[in-house]
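In case you want the letters, here they are:
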Amino acid sequence: MTLALLGGSPSLRDPHHFSWPRMTPAHVAAVTGLVEQAELSYYGREGQVAVLEDEWSRRLGRPTLAVTSGTAALHSAFFALGAGPGDEVICPTNTFLATVMPLAQTGARIVLADVEEDTGNIDPRHVEQLVNERTVGVVATHLWGHPCSMDLLQAVVERHGLWLVEDCSHAHGSTFRGQEVGTFGDAAAFSFQSAKLVFAGQGGLLASREAVTHERAVLLGHFRVRAAQDCRSDLARYASTGFGLNYRMHPLAAALAHVSTLQMDELIAMRHERLSRLSQLLGQIPGLVPPVTRDQCTRGAFYGYKLRLQGRWLLPPRDLVVDALRAEGLDVGRPGSAPLHTTAFFTDDDVPVFINREASHARYRPGELPVSERIWDESLSLPTLTFPEDESLVDAYAAAFAKVYGELGALVAKSA
Ligand SMILES: Cc1ncc(COP(=O)(O)O)c(C=O)c1O
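Residues numbered from 1 in each chain as written. Predicted model: local features only at pLDDT ≥ 70, side-chain atom pairs only at ≥ 80, totals over all residues. Heavy atoms only, no water.

Caption draft 1: Looking closely at the packing of aromatic side chains. A full pass over the atoms with the stated rule returns 15 aromatic pairs. Through successive ring pairs, a cluster of aromatic residues spans Phe18, Trp20 and Phe387. Sitting over the face of the ring of tyrosine 303, lysine 196 holds its NZ or CZ atom 4.7 Å from the ring centroid. If you follow arginine 299 out to its NZ or CZ, it ends over the ring of phenylalanine 302, 4.8 Å from the centre. (Phe/Tyr/Trp six-rings, centres within 6.5 Å; stacked < 30°, edge-to-face > 60°. Lys NZ or Arg CZ within 6 Å of the ring centre and 35° of its normal.)

Caption draft 2: Spatial organisation of the environment of glycine 287. Residue placement: glycine 287 occurs in the loop between α8 (251–282) and β10 (288–289). As a C-alpha pair, glycine 287 and serine 233 span 54 residues in sequence and 57 Å in three-dimensional space. Look past the residues within four positions of glycine 287 in its chain and what remains in contact with it is Arg308, Leu309, Gln310 and Trp313. (Helix = DSSP H or I, 4+ residues; strand = E, 2+ residues; numbered from the N terminus. Contact = heavy atoms within 4.5 Å.)

Caption draft 3: The arrangement of the sheet that holds β10 in detail. Across the sheet, which stays open at both edges, the three strands sit in the order β10-β12-β13 with antiparallel pairing between neighbours. A strand with exactly one partner marks an edge of an open sheet, and here the two such strands are β10 and β13 (379–382). In this structure, β10 lies alongside strand β12 (residues 305–309), joined through two bridges in antiparallel fashion. From the neighbouring strand, valine 289 faces β12, where its bridge partner is arginine 308. (Pairing = 2+ DSSP bridges.)

Caption draft 4: Local environment of the sheet that holds strand β6 (residues 175–176). The strand order across the open sheet formed by three strands is β7-β6-β11, and the pairing between neighbours is antiparallel. Each edge of the open sheet carries a strand with a single partner, namely β7 (179–180) and β11 (297–298). The pairing of β6 with β7 spans two bridges and is classified as antiparallel. For threonine 175, the partnering residue across the bridge sits in β7 and is glutamate 180.

Caption draft 5: Focus on the nonpolar core. Ranked by size, the top nonpolar core spans 59 residues in total, and within it Ile110, Leu112, Val127 and Val165 carry the most contacts. Counting contributing residues per domain, this core is built from domain 1 (4–22 + 263–415) and domain 2 (25–260), each supplying no fewer than three. Ignoring any residue separated from it by four or fewer positions in sequence, one finds isoleucine 110 in contact with Val89, Cys91, Val100, Leu103, Ala104, Phe345, Phe346, Ser360, His361 and Ala362. If you look at the next biggest cluster of nonpolar residues, it comprises 32 residues, including Leu12, Leu307, Leu382 and Val394. (Core = buried A, V, L, I, M, F, W, Y, C linked by side-chain atoms within 4.5 Å. Buried < 20%, exposed > 50% of the residue type's maximum accessible area, 1.4 Å probe, protein only. Domains from an automatic or database assignment.)

Caption draft 6: Summary view of the domain arrangement of the protein. Along its sequence, the protein is organised into domain 1 (4–22 + 263–415) and domain 2 (25–260). Spacing between the C-alpha centres of domain 1 and domain 2 amounts to 26 Å. Across the contact, 42 residues belong to domain 1 and 53 residues belong to domain 2. Carbon and sulfur atoms make up 55% of the surface buried where domain 1 meets domain 2, a total of about 3,900 Å² over both sides. Viewed at the interface, domain 2 and domain 1 are joined by five salt bridges. (Buried area = accessible area lost by both parts, 1.4 Å probe. Salt bridge = Lys/Arg side-chain N within 4 Å of Asp/Glu carboxyl O.)

Caption draft 7: A look at the site of the ligand. Lining the immediate surroundings of the ligand are 16 residues, of which Gly70, Thr71, Asp167, His170 and Ser191 lie closest. Between the ligand and the protein, one listed contact pairs a nitrogen atom with a side-chain N or O atom of serine 169 at 3.4 Å. A distance of 2.8 Å is found between an oxygen atom of the ligand and a side-chain nitrogen or oxygen belonging to lysine 196. Against a free-state accessible area of 390 Å², the protein chains account for coverage of 92% of the ligand. (Near = heavy atom within 4 Å. Polar contact = N/O pair within 3.5 Å; in protein donor to acceptor, adjacent residues only side chain to side chain. Areas by Shrake-Rupley, 256 points an atom, 1.4 Å probe, with all protein chains shown as cover.)

Caption draft 8: Spatial organisation of helix α1 (residues 25–36). For α1, spanning 12 residues, the distance from its first C-alpha to its last is 16 Å, which sits close to the expected 16 Å at 1.5 Å a residue. When α1 is considered as a whole, its buried residues turn out to be His27, Gly33 and Leu34. Around the axis of α1, the buried residues are gathered within 140° of arc, so they sit on the same side. Of the exposed residues in α1, the ones pointing more than 90 degrees away from its buried face are Pro25, Ala29 and Glu36. Its buried side turned inward, α1 meets α2 (47–60) and α8. Alanine 38 occupies a position one or two residues after α1 and carries a positive phi of about 55°. (Expected span 1.5 Å × (residues − 1). Arc of directions from axis to C-beta.)

What follows is the structure, given as structure tokens:
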């Protein structure tokens, strides 16, 4: 069958455009009620923010703090755990920038680690090699919902007396040996940005192991009523000023996040049903490697379905493969985040706004963290089909991949 890119008819009559989130009547009702009552800002721990935090604290068994974004949650975690000048923090290179970049605001030095071949998660063995006397902490993203190797990672941080921050922004509800992510580290950050399974529009949440971490995080982004309510230690004396930022979550965002939190387990089950079948079908096509989920792990929110291309799929230029699949009507693309060590912040000799680049982050050359680069090179991003009415799309995606597989030779010829 001739590829649509080369003049044939496309696999899907109408091109597919994935859209998320999907509003339900419960979301609309929650927000409408607040707007009608002009409930648009909180100074204390109250209203929808308290309801949302209670739900997550119940789930994780930890004090939680709703904030304006996942980025704010990560910044609050780094601040609260004391990251500062002279410290080094080891982070995965294969993650969204916000896992790492807030560290640049603390003065700590960012050191990037390579990742595991099958999951793309931070490699505890490389972390171990990077630890030195300046290392104070490790950050781990449960990438695309797959939990990190928590047993190995916890062993490294315990051996060296380091703190551990989990970035759970892709992984709401994921479990490692039956334990939910967000309950392993000293602090855990969640994003509720619009594209996430649990969405607020913009919003995030921090869960802390120790009360003192929670209190310090509260003081970074809150003051007066909220700070006085949450600070039981001597830190309460700073409640009148806080430590300088406003990270208070908007009530409308909290209401949306709360409704989607209540729907989360059902959404996870639906998404897994669609994506498992997609993996089963794509896995039958030579050279396609669907995302693996290791034994004793669950992928929870499964934020992002990344397919690895191998064998004959690597013969034509990657962008031409993407163009061919798109021409068939599929909503596919290269993943959004290149490994961080290949970006200008980490490759430039100098970053003009940072007085001392060497103190703020290590410098890298392409090829230095090879596993992450290989994964990035070979990955395609597919939509996280979720709803029962997406079932026919699962078949359509698999059929289109099979068609393109049969015509890879034509793509090679086109590129010659
Ligand atoms: C892994 C990861 N960490 C952090 C964030 C930052 O979250 P936010 O956009 O809510 O600031 C995101 C996403 O957007 C993310 O994917």
